[in-house]
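Coordinates in review
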Amino acid sequence: MEAEANTTESRNFIEQIIDKDLEEGRFDHVQTRFPPEPNGYLHIGHAKSILLNYGLAQEYHGKFNMRFDDTNPTKEKEEFVNSILEDIRWLGADWEDRLFFASNYFEQMYEAAVKLIKKGKAYVCDLSAEEIRQYRGTLTEAGKDSPYRDRSIEENLALFENMKNGVYEDGEKVLRAKIDMASSNINMRDPVIYRVAHMTHHNTGDQWCIYPMYDFAHPIEDAIEGVTHSICTLEFEDHRPLYDWVVRELEYPNPPRQIEFAKLYLTNVVTGKRYIKQLVEDGIVDGWDDPRLVSIAALRRRGFTPESIKMFVDLCGISKSQSSVDYAMLEYCIREDLNLKKPRIMAVLDPVKLVIDNYPEDQVEWFDVDNNVKNPELGKRKVPFSRELYIEREDFMEEPPKKYFRLYPGNEVRLMNAYFVTCTDYVKDETGKVVEIHCTYDPETRSGSGFNKRKVKGTIHWVSAGHAIPAEVRLYENIVDEEKGKLNEDGTLNLNPNSLTVLKNCYIEPSIENVKPEDKFQFVRNGYFCADMHDYTPEYPVFNRIVSLKSSFKLPK
C-alpha cells in the first residue's frame, strides 16, 4: 500500500483526475487538444500547454487535436496560423491528421444558438456594450435584467436570423445566454454568446457576419471533436460553470471536462502580445522572432532546442498555484542539453593580434583537437596554428592585479591545444590602445607531445590570423529588468538599453566553413552560440549567443 501511495503522490493533479475518470467509467479513453487563437506568435507559456496536452495524449495512448480557436476575425491572420503550426511541429507535438479550425463549426454553432433560443435559454439584446456592462452589476451587487430579456422565442429566432443575414450594424444587437443576472459568478450573468461583426475571416471569408464568443464556442468545439479533458490555464477557472452550462444545455453526450492549471510566468521577459506587438511596430526588436523575446520562434532563433524547453517545462511541474520561474532555469536547461551534444570550437570575440617572434614565418601546423573533451564520440578536428594569432583582448593586461594568470609582460601561459608562450613586448596605437602583443614560444611544450614537465596557471584560447573566418556575433541580455520594475510609471516597458550588443569583428577557427543556419556550438570560454537562422551565410557568418557558460541557477535537490 505504501508503494501505491508514493506512486500516486508522484503524479500531478491532472493525471490523478484523469486516472479517476477512467477508473469510474466517466470516459473510456483520453483525448486532449491545444486550441490557440491565431492572433500572434506562441510563447514559452504556450509551450507548457502544448507539451502538457500532447504528453497526456501520449501517456494514455489517446488522441491529440491541433485546433485553432479562430472565432475573432478582427485579430487573426494566416501568418499566425502558419507560425503556430511550425512552432508546434518543432516542439515535437504531432497532430497527424487531426488539424481542426473552430471556424469550420460555424454552422453547428449557429444551430446550437438556435437550439438555446428554442429552449428559452437565449435572447437577442439591443443594449450597447457599455449598457451591458452597467447592467451586469459588480462583485458585490447583483446585475439587473435587460429590458429585452423576455422577448418571445419567435421574436428572438427572427431577430437572430436577421443578425445572420446582415440586417444590423456591428454592435447593434447581440445574442445573450439567459442564465442568472443575480449569480455570484459574473460570467453567468447572461453572457454575450454571439455578436455582429462585418469582417472578412481568414478561413471563411465573407460567409458570416456574426461570430460566436469564445466562452460559447470553445465548449462546443471540444464536444464536437470528442475531447475528454479540456485543459486550460487558471484564468478560465471562473468560466468553468459557463463551459459546463453550454455543454449541458446543448445536451451533448459524454460532455468534456474542463481542468485548469497554473500558467508559466518567467522573470525578466515580455510575453504579453500587446507589448510584443508594440516592440515590433516601434522597431525596437527584429520581429516576433527577435532572440530577446521568448516566443517559441524567438527561442528557436536564439538557439534553444525542443529538448531544453521540454526539460524546462518538466522542471517547472504542473500545479494550481501561480508563481514565477527564474529565467536562469531556462538557461540551465539549454546548457544541460548542449553540454555533451555540441562541439567546442575557438572563437575570439574582441580580438587583439599576438605575434610569436621565434616561430617560423611560413610555417603552419595542424593540431588534432577534440570536438568535445567530455564526449569523445564527437571525434576530432584539425586546427591550424601559425606565427600570427588572435586572442581575446581581456586575456592580456599591461599591469595585472594579483591572481591574474593570463598574459602580461614576462608571464608564460598555455595556448590551448598548442604551446606555452611568454609575453616579451606589446605595441600601442596613438590612442594608447594595445594593438599587438609579442611573445616567444617553447617548442618543447607542444600539446600532446608528452615531453613538457613544466606547469603554468593560465590557459587562453586563440585562432590563427591567416586562417580565421571573420564573423558577426550578437550578444543578448534580458530586454527588461524586473528589479528596476518591468513597467515605467506611464505603463510603457522599462527597456534595457544593453539588451543587444553586436560585435562585427570577431574571428572563428576555420572548422565553421560548412556550418548551416541553426547549427550550434560552444565557443570555448564564451558560451553557447547558434548560427542565425535568417542572417547566417557562408560569406557573412552571423552567430547568436544562446547563453553564457556561467550560471547562477542551482537545481533544487
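Because the structure is a prediction, the values reported are computed rather than measured.

Scoring rules and cut-offs
Residues numbered from 1 in each chain as written. Predicted model: local features only at pLDDT ≥ 70, side-chain atom pairs only at ≥ 80, totals over all residues. Heavy atoms only, no water. Helix = DSSP H or I, 4+ residues; strand = E, 2+ residues; numbered from the N terminus. Rg over C-alpha atoms; globule rule 2.2 N^0.38 Å. Buried < 20%, exposed > 50% of the residue type's maximum accessible area, 1.4 Å probe, protein only. Contact = heavy atoms within 4.5 Å. Areas by Shrake-Rupley, 256 points an atom, 1.4 Å probe, with all protein chains shown as cover. Pairing = 2+ DSSP bridges. Lys, Arg positive; Asp, Glu negative; His and termini not counted. Salt bridge = Lys/Arg side-chain N within 4 Å of Asp/Glu carboxyl O. Polar contact = N/O pair within 3.5 Å; in protein donor to acceptor, adjacent residues only side chain to side chain. Axes fitted to C-alpha atoms, helices over the stretch in contact; angles between N-to-C directions. Parallel < 35°, antiparallel > 145°, perpendicular 65-115°, else oblique. Left-handed = near helix turned anticlockwise from the far one by under 90°. Nonpolar A, V, L, I, M, F, W, Y, C, P; charged D, E, K, R; others polar. Phe/Tyr/Trp six-rings, centres within 6.5 Å; stacked < 30°, edge-to-face > 60°. Lys NZ or Arg CZ within 6 Å of the ring centre and 35° of its normal.

1. As for the overall build of the chain
- Within the chain, the secondary structure is distributed over 13 helices and 27 strands.
- In terms of overall size, the chain is more extended than a compact globule, its C-alpha atoms giving a radius of gyration of 31 Å where 557 residues would be expected to give roughly 24 Å.
- Considering only C-alpha atoms, the chain reaches an extent of 100 × 65 × 45 Å along its principal axes.
- The buried share of the chain, reckoned over its 557 residues, is 50%.
- Across the chain, contacts joining residues at least 24 apart in sequence account for 70% of those joining residues at least 6 apart.
- Summing over all exposed atoms, the chain offers an accessible surface of approximately 26,800 Å²; the carbon and sulfur share of this is 47%.

2. Observations regarding the sheet that holds strand β25 (residues 520-523)
- If you walk across this open sheet you meet the seven strands as β12-β25-β26-β27-β23-β24-β13, and the pairing is mixed. A strand with exactly one partner marks an edge of an open sheet, and here the two such strands are β12 (344-345) and β13 (347-348).
- Note: β13 against strand β24 (residues 500-508), two bridges, orientation antiparallel. The residue of β24 that forms the bridge with V348 is Y507.

3. Considering the side chain of D69
- With respect to the helices and strands, the residue D69 is situated in the loop between β2 (63-68) and α4 (78-91).
- Buried within the structure, D69 lacks any salt-bridge partner; R67 is the closest side chain of opposite charge, at an N-O distance of 4.2 Å.
- A distance of 2.9 Å separates the side chain of D69 from the side chain of H218, its partner in a polar contact.

4. Section: the pairing of strand β17 (residues 388-392)
- For β17, a buried count of four out of five residues is recorded, marking the element as mostly surrounded by other parts of the structure.
- When strand β14 (residues 351-356) meets β17, the two strands line up antiparallel, connected through five bridges. Bridge assignment links P351 to a residue of β17, and that residue is E392.
- By the bridge criterion, two bridges tie β17 to strand β22 (residues 463-464) in an arrangement that is antiparallel.

5. Description of the packing of helix α12 (residues 306-316) against helix α13 (residues 327-338)
- One can describe the packing of α12 onto α13 by two numbers: an axis separation of 8 Å at closest approach and a directional angle of 130°. The pairing of α12 with α13 is recorded here as oblique in orientation. Handedness of the crossing formed by α12 with α13: right-handed. Together, E307, S308, M311, F312, L315 and C316 of α12 and M329, L330, Y332, C333, I334, E336 and D337 of α13 make up the contact between the two elements.
- Taken together, the residues of the contact of α12 with α13 break down into nine nonpolar, one polar and three charged.

6. Considering the pattern of salt bridges
- A complete count under the given rule lists 48 salt bridges for this structure.
- Among the salt bridges present, the one from R149 reaches D145, with a minimum N-O distance of 3.8 Å.
- Residue classification places D145 among the partly exposed residues on the basis of a relative accessible area of 44%.
- A salt bridge links E518 to R300; the shortest N-O distance between them is 3.0 Å.

7. Remarks on the environment of S49
- Among the secondary structure elements, S49 is positioned in helix α3 (residues 44-59).
- Taking C-alpha positions, S49 is 9.3 Å from F261, a pair spaced 212 residues apart along the chain.
- What S49 contacts, discounting residues up to four positions off in sequence, is F34 and F261.

8. Observations regarding the packing of aromatic side chains
- Summed over all chains, the structure comprises 26 aromatic pairs.
- Geometrically, the ring pair formed by F68 and F101 is stacked, given 5.2 Å between the ring centres and 20° between the ring planes. With F68 in strand β2 and F101 in strand β3 (residues 99-101), this residue pair connects regions lying 33 residues apart in the sequence.
- Its relative accessible area of 16% is what places F101 among the buried residues.
- Taken together, the aromatic side chains of F106, Y110, F160, Y194, W208, Y211 and F216 make up a single cluster linked through ring pairs.
- K144 extends its terminal NZ or CZ atom over the ring of Y135, reaching a point 4.6 Å from the ring centre.
- Above the plane of the ring of Y168 lies K173, whose end atom (NZ or CZ) is 4.9 Å from the centre.

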